[in-house]
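Listed below, chain by chain, are the residues.
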Amino acid sequence: MNAEQCYQGSCFCGAVQFRVSGEPHGMGYCHCQSCRHWSASPVNAFTLWKPEQVTVLKGEEQIASYNKTPNSYRKWCKTCGGHIFTEHPGMGLIDVFAAVIPDFPYDAGVHVHYQEHQLAMKDKVTKLKDVPEEMGGSGEVIEE
Ligand SMILES: [Zn+2]
Ligand SMILES: [Zn+2]
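All values reported here derive from a predicted model rather than from experimental measurement.

1. Considering the pattern of salt bridges
Okay, so step 1: Inspection of every chain in the model, using the stated rule, returns 4 salt bridges.
Okay, so step 2: As a salt-bridge pair, Glu87 and Lys75 come within 3.7 Å of each other at their nearest N and O atoms. Of the two residues, Glu87 sits in strand S8 (residues 83–88) while Lys75 sits in strand S7 (residues 72–77), which places them 12 residues apart along the sequence.
Okay, so step 3: Its relative accessible area of 27% is what places Glu87 among the partly exposed residues.

Okay, here's the thing in structure tokens:
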């Protein structure tokens with residue numbers, strides 16, 4: 001068996017270094033108001049991993065955390081302010097932002113919370129009104 005594929009990631013300044021290994025649980029774009037507001041961007045490109053797939057290699061003490069709700073613990077680097085990832089304890093998954101793992105072959109499989117979108121993305125990828133049923137959503141699909 002081959003060793004699991006690993007991808008290096010870092011914050012904007014490099015003080016925090018980490019790696020993800022194996023295959024993500026899912027990946028796509030989140031259009032929700034919270035993601036847009038916190039990231040100050042029109043959409044969040046996410047990749048979801050189990051906590052054991054994410055290893056902080058350097059700068060653990062540089063990681064700050066804020067949670068507005070118990071569902072999302074948003075993490076960033078205290079030195080540069082660069083976003084790193086968001087822990088979702090309820091789902092048991094960590095959202096590692098696609099932008100911080102540049103070598104990872106990101107390939108969106110779904111758009112979530114598309115009913116809240118500000119930036120229309122006509123990419124033929126499934127657009128969910130909120131989130132999949134297995135994540136407590138309606139699972140409803142919205143046409144492009
Ligand atoms: Zn940094
Ligand atoms: Zn979101």
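Here the narrative resumes.
2. Concerning the sheet that holds strand S2 (residues 17–21)
Okay, so step 1: One open sheet accounts for 3 strands, arranged S1-S2-S5; its pairing is antiparallel. Among the strands making up the open sheet, the edge pair consists of strand S1 (6–10) and strand S5 (54–58). When strand polarity is set aside, the average angle formed by the axes of neighbouring strands in this sheet is 25 degrees.
Okay, so step 2: Here 4 bridges tie S2 to S5, and the two strands are oriented antiparallel to one another.

3. Here's the deal with the pairing of strand S9 (residues 93–97)
Okay, so step 1: Buried residues dominate S9, accounting for 5 of its 5 residues.
Okay, so step 2: Because side chains alternate across S9, one face comprises the buried residues Leu93, Asp95 and Phe97, and the other comprises Ile94 and Val96, equally buried.
Okay, so step 3: Relative to S9, strand S4 (residues 44–49) is paired through 4 bridges, and the arrangement is antiparallel. Looking at the pairing, Thr47 lines up with Val96 of S9.
Okay, so step 4: Bridging between S8 and S9 involves 4 bridges; their strand directions are antiparallel. Residue pairing in the sheet places Thr86 in a bridge with Asp95 of S9.
Okay, so step 5: The antiparallel hairpin formed by S8 and S9 contains 4 residues in its connecting segment, where Gly92 sits at a positive phi of about 70 degrees.

The rules behind the values
- Residues numbered from 1 in each chain as written.
- Chains lettered and ligands numbered in written order.
- Predicted model: local features only at pLDDT ≥ 70, side-chain atom pairs only at ≥ 80, totals over all residues.
- Heavy atoms only, no water.
- Salt bridge = Lys/Arg side-chain N within 4 Å of Asp/Glu carboxyl O.
- Helix = DSSP H or I, 4+ residues; strand = E, 2+ residues; numbered from the N terminus.
- Buried < 20%, exposed > 50% of the residue type's maximum accessible area, 1.4 Å probe, protein only.
- Pairing = 2+ DSSP bridges.
- Axes fitted to C-alpha atoms, helices over the stretch in contact; angles between N-to-C directions.

Geometry only, nothing functional implied.
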